[in-house]
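# Coordinates in review
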Amino acid sequence: MKAVIQEKYGSPEVLEIREMAKPAVAPGNVLVRVRAAAVNPYDWHVLRGSPFLVRIAFGLLRPKQKTPGRDWAGTVEAVGEAVTLYQPGDEVFGISAGAFAEYLCVSEDRPAPKPANITHEEAAAVPMAALTALQGLRDKGRIQPGHRVLINGASGGIGTFAVQIAKSFGANVTGVCSTKNVELVASLGADRVIDYRHEDFTRNGARYDLALDTVGNRSLSDCQRILAPNGVYVTAAYSLRRMVWQAVRRPKNVAGIYTQIRREDLVVMKELMEAGKVRPVIDRRYPLSEIAEAIRYVEEGHARGKVIITI
Ligand SMILES: NC(=O)c1ccc[n+]([C@@H]2O[C@H](COP(=O)([O-])OP(=O)(O)OC[C@H]3O[C@@H](n4cnc5c(N)ncnc54)[C@H](OP(=O)(O)O)[C@@H]3O)[C@@H](O)[C@H]2O)c1
């Protein structure tokens, strides 16, 4: 099988495509023929080993996991001993290591069945971005019907899901994006769209019950200012400065997200998509051979929805 290999930290040029042995399917695992994968900002952080702290988790001198990629969708090709949830031919999607390859092996309790009404490319777009949006809004933000919700970065991977998920909870949604994405964010159901090139969402007097920030370009005190009494500011975008600020000040109305890989949340997303309430937005598609270009594009920070690797 073909797989992307990363032997060292560096720019996208360090990635190679190699012919590798197909993984053997272990007991309790399923072997998946990957049909599509998605690129996340996570992938370029791991590629570069940056910020340096990520190397504590991923390998101090070189990456422990040689095949990058997290989000995927595909077809179960074989099942290991004692597997009960899936059989060959089932279509599944999920998050696990080694998504940028033709095959991967994963514990049967990680993936969820692919929604019937979307393609493999759309399903691959979902896991990390949608779970971050869902967990940020529902678990950290305790979203309720009628809440005024602001999504900063509404046109990105997380943001395009967050706008639709917040609407599915019955919230009144304001999305923040640049001029070229105003129409896209409105088409996802946002009640109001703020073009950050012309209006500063921290200084227009509006107040929100919940703000989900996927950009992290504003100071936390700016973002706290936009909160209604009992409002909460939830951030997916961390910097060392923010982490230190939060650790020292421990503000009650600020929460950070660290995305949990939960099969039951993939099932929640499956149901939302099958109900027609959420549809993944795909910006670009690249073949596996152009993985370096795909990651470079995501690293620029202006993707409109998700970037997909077709396999
Ligand atoms: N904590 C966690 O567990 C976790 C999990 C997943 C992701 N993350 C982090 O969350 C962040 C977002 O991830 P993502 O997948 O959504 O990224 P992404 O898809 O690369 O987001 C790009 C989007 O950000 C928008 N953007 C850039 N500058 C902006 C600004 N000044 N104001 C408003 N929007 C702006 C861009 O819109 P324009 O082109 O219109 O500017 C673009 O649509 C990343 O930092 C990622 O590392 C954290």
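What counts, and at which threshold
- Residues numbered from 1 in each chain as written.
- Predicted model: local features only at pLDDT ≥ 70, side-chain atom pairs only at ≥ 80, totals over all residues.
- Heavy atoms only, no water.
- Helix = DSSP H or I, 4+ residues; strand = E, 2+ residues; numbered from the N terminus.
- Buried < 20%, exposed > 50% of the residue type's maximum accessible area, 1.4 Å probe, protein only.
- Areas by Shrake-Rupley, 256 points an atom, 1.4 Å probe, with all protein chains shown as cover.
- Lys, Arg positive; Asp, Glu negative; His and termini not counted.
- Charge placed at Lys NZ, Arg CZ, Asp CG, Glu CD.
- Salt bridge = Lys/Arg side-chain N within 4 Å of Asp/Glu carboxyl O.
- Domains from an automatic or database assignment.
- Contact = heavy atoms within 4.5 Å.
- Buried area = accessible area lost by both parts, 1.4 Å probe.
- Nonpolar A, V, L, I, M, F, W, Y, C, P; charged D, E, K, R; others polar.
- Patch = residues over 30% accessible without salt bridge, like charges linked within 9 Å, V, L, I, M, F, W, Y side chains within 5 Å.
- Right-handed = clockwise from strand over helix to strand, strands pointing away.
- Pairing = 2+ DSSP bridges.
- Axes fitted to C-alpha atoms, helices over the stretch in contact; angles between N-to-C directions.
- Parallel < 35°, antiparallel > 145°, perpendicular 65-115°, else oblique.

## Some thoughts on the overall build of the protein
Per the secondary structure count, the protein includes ten helices and 15 strands. The burial tally for the protein puts 53% of its 311 residues in the buried class. About 13900 Å² of surface is accessible on the protein, with carbon and sulfur atoms providing 51% of the total. The averaged location of the 33 negative side-chain charges in the protein is 7 Å from the averaged location of its 41 positive side-chain charges.

## Things to note about the pattern of salt bridges
Counted according to the given criterion, the structure contains 24 salt bridges. Glutamate 7 is the partner of arginine 18 in a salt bridge, and the nearest nitrogen-oxygen pair spans 3.1 Å. Taken as a pair, arginine 18 in strand β2 (residues 16–19) and glutamate 7 in the loop between β1 (2–5) and β2 lie far apart in primary sequence, eleven residues in all. By relative accessible area, glutamate 7 is classed as partly exposed at 34%. Linking arginine 138 and aspartate 139 is a salt bridge whose minimum nitrogen-to-oxygen distance equals 2.5 Å. Several salt bridges converge on common partners, so that one network encompasses Asp200, Arg203, Arg218, Asp222 and Arg225.

## A closer look at the domain arrangement of the protein
Here the domain parsing of the protein yields domain 1 (2–126 + 280–310) and domain 2 (129–256). Between the C-alpha centres of domain 1 and domain 2 the distance comes to 27 Å. Taken together, the 13 residues of domain 1 in the interface contact 15 residues of domain 2. When domain 1 packs against domain 2, the two sides together hide about 950 Å² of surface, and 59% of this comes from carbon and sulfur. The tally of links from domain 1 across to domain 2 stands at zero salt bridges. Residue composition of the side of domain 1 that touches domain 2, by class: seven nonpolar, three polar and three charged.

## Comments concerning a nonpolar patch on the surface
Where nonpolar side chains cluster on the molecular surface, the patch consists of Phe52, Leu53, Ile56, Leu60, Leu61, Tyr238, Leu240, Met243, Val244, Val248 and Tyr258 and spans about 1300 Å² of accessible area. Of all the elements, helix α8 (residues 240–249) adds the most residues to the nonpolar patch, at four residues. Looking at where valine 244 falls in the secondary structure, it is placed in helix α8. Residue classification places valine 244 among the partly exposed residues on the basis of a relative accessible area of 49%.

## A word on the pairing of strand β9 (residues 172–177)
A regular strand places its side chains on the two faces of the sheet in alternate fashion. Burial analysis of β9 places five of its six residues in the buried class, which makes it a mostly covered element. A crossover links strand β8 (residues 148–152) with its parallel partner β9, the connecting element being helix α5 (residues 157–168), and its sense is right-handed. Of the pairings in the sheet, the one linking β9 to strand β10 (residues 192–195) comprises four bridges and is parallel in character. Paired with valine 176 across the strands is isoleucine 194, a residue of β10. Since β9 and β10 lie parallel, the crossover through helix α6 (residues 182–187) that links them has a hand, and here it is right-handed.

## Things to note about the packing of helix α1 (residues 41–48) against helix α10 (residues 291–299)
Their axes nearest at 9 Å, the elements α1 and α10 cross at an angle of 110°. It follows that α1 is roughly perpendicular to α10 by the angle criterion. Here Pro41, Asp43, Trp44, Leu47 and Arg48 of α1 lie close against α10, whose contacting residues are Ile295, Val298 and Glu299. Within the contact of α1 with α10, the residues separate by chemical class into five nonpolar, no polar and three charged.

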